[in-house]
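Observations on the three-dimensional arrangement
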Amino acid sequence: MSTANANLTIRGIDIDVIYKDIKNLHIGVYPPLGRVRVAAPNRLDNDQVRLAVIQRLPWIKRQRDKLRAAERQSEREMVTGESHYVWGVRRRLKVVERPGRAHLETDGDRLVLYVPSETTAEKRRTLLDQWYRDQLRQAVPGLVSRWEQVLDVTVPKWTIRRMKTKWGSCNRETRHIWFNVELAKKHPDCLEYIIVHEMVHYFERNHGERFTSLMDRHLPDWRSRRDQLNAAPLGPEEWTT
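Read on for an overview of the structure.

About the cut-offs
- Residues numbered from 1 in each chain as written.
- Predicted model: local features only at pLDDT ≥ 70, side-chain atom pairs only at ≥ 80, totals over all residues.
- Heavy atoms only, no water.
- Axes fitted to C-alpha atoms, helices over the stretch in contact; angles between N-to-C directions.
- Helix = DSSP H or I, 4+ residues; strand = E, 2+ residues; numbered from the N terminus.
- Parallel < 35°, antiparallel > 145°, perpendicular 65-115°, else oblique.
- Left-handed = near helix turned anticlockwise from the far one by under 90°.
- Contact = heavy atoms within 4.5 Å.
- Nonpolar A, V, L, I, M, F, W, Y, C, P; charged D, E, K, R; others polar.
- Pairing = 2+ DSSP bridges.
- Buried < 20%, exposed > 50% of the residue type's maximum accessible area, 1.4 Å probe, protein only.
- Phe/Tyr/Trp six-rings, centres within 6.5 Å; stacked < 30°, edge-to-face > 60°.
- Lys NZ or Arg CZ within 6 Å of the ring centre and 35° of its normal.
- Arc of directions from axis to C-beta.
- Polar contact = N/O pair within 3.5 Å; in protein donor to acceptor, adjacent residues only side chain to side chain.

Quick look at the packing of helix H4 (residues 188-200) against helix H5 (residues 209-218) now. Orientation of H4 relative to H5, taken along the N-to-C sense of each, is 135°, at an axis distance of 10 Å. Our classification of the angle between H4 and H5 gives oblique. Crossing handedness for the pair H4 and H5: right-handed. Residue-level inspection shows Tyr193, Val196, His197 and Val200 of H4 in contact with H5, the latter providing Phe211, Leu214 and Met215. Taken together, the residues of the contact of H4 with H5 sort by class into six nonpolar, one polar and no charged.

Right under this line is the structure:
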């Protein structure tokens, strides 16, 4: 359980610190803009955390540079000619205005949106978000089932949501896993990486040597998949839960 929080500024970088009942200190740099979060053992104080962060500053700056250099889409107006990413493929949007049920479908290299003519841009964005969620709902079950067999575990519940700082998360007590809806825009290999990553947390809470060893054993190319995920184009929105 978290017992205390702190906010440090180290050489111009804001650091969120959460003190926990853990053995080792862990540093994370999160999309979309490179927010830095430190999970630190309760036995450490702010000065010790500051020193640990300073020692890792070159790595932190490299991760932040990667995220900030990633291609970022402008706000989507949901009109014909815009580009949208679906499973890592850039598709041109075609809007077809007609009466009847609004829906989206892929057609060759296009993403086609059928909507009544009076549909607002906000409503069109909502329809696209729902469509992305449907894409994930179709893709996740097969991958989860496959890795349940490989890892000999059961995933009792998983949920798709828009998340602020993570691609996925896991509650080890309930084994509930959450997936960021943005994953539907990324290459399928990225989704599989997140699924395996979160399921491996069933065995190891932290991202230490044991976690890395398990990932290496079951998904040897996980680092390249992680890099592919973090280098992929980011949506324009500020992620919110």
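Before going further, it helps to examine the sheet that holds strand S5 (residues 83-86). A sheet is described by the order of its strands in space; here four strands give the open sequence S5-S6-S8-S7, paired in mixed fashion. Edge positions in the sheet fall to S5 and strand S7 (103-107), since each of these pairs with one other strand and no more. Taking the axes of each pair of neighbouring strands and ignoring which way they run, one obtains an average angle of 35° across the sheet. Summarising the sheet, strand S6 (residues 89-97) and strand S8 (residues 110-115) pair through six bridges and their orientation is parallel. From the neighbouring strand, Leu93 faces S8, where its bridge partner is Leu111. Its contacts with the sheet place helix H3 (residues 121-151) against S5, S6, S7 and S8, and it is angled at close to 125° to S8.

Moving on to the environment of Trp59. Tracing the sequence through the fold places Trp59 in helix H2 (residues 57-69). Assessed through its relative accessible area of 25%, Trp59 is described here as partly exposed. Placed 30 residues apart in sequence, Trp59 and Val29 show a C-alpha to C-alpha distance of 9.6 Å. In this view, Trp59 contacts Ile27 and Val29; residues no more than four positions away in its chain are not counted.

Another aspect to go through is the pairing of S6. The sheet contact formed by S5 and S6 spans four bridges and is antiparallel. What sits directly across from Ser83, in S6, is Arg92. Count of turn residues in the S5/S6 antiparallel hairpin: two residues, of which Trp87 carries a positive phi of about 50°.

With that settled, consider the packing of aromatic side chains. Within this structure, the stated rule accounts for three aromatic pairs. Here the aromatic rings of Tyr193 and Trp222 are separated by 6.4 Å at their centres, their planes lie at 10°, and the arrangement is stacked. Placement of the pair is Tyr193 in helix H4 and Trp222 in helix H6 (residues 222-231), with a sequence separation of 29 residues. Here the two residues Tyr193 and Trp222 agree in accessibility, since each one is buried. Over the face of the ring belonging to Trp59 we find Arg56, whose NZ or CZ atom lies 4.7 Å from the ring centre. Its guanidinium or amino end placed over the ring of Tyr202, Arg175 lies 4.6 Å from that ring's centre, counting from NZ or CZ.

Reading across from one edge, S9-S11-S10 is the order of the three strands in this open sheet, with mixed pairing throughout. Every interior strand has two partners, whereas the edge strands, strand S9 (157-161) and strand S10 (168-171), have only one. Going across the sheet, the axis of each strand differs from the next one's by a mean of 15°, ignoring polarity. Where S9 and strand S11 (residues 176-180) come together, five bridges link them in parallel fashion.

Here we come to helix H1 (residues 46-55). Taken as a whole, H1 has its buried residues at Val49, Ala52 and Val53. Seen along its axis, H1 keeps its buried residues to an arc of 100°; they face one direction. What points out from H1, more than 90 degrees from its buried face, is the exposed set Asp47 and Gln55. In this structure Asp45 caps H1, since a side-chain oxygen of it lies 3.1 Å from the backbone nitrogen of Asp47.

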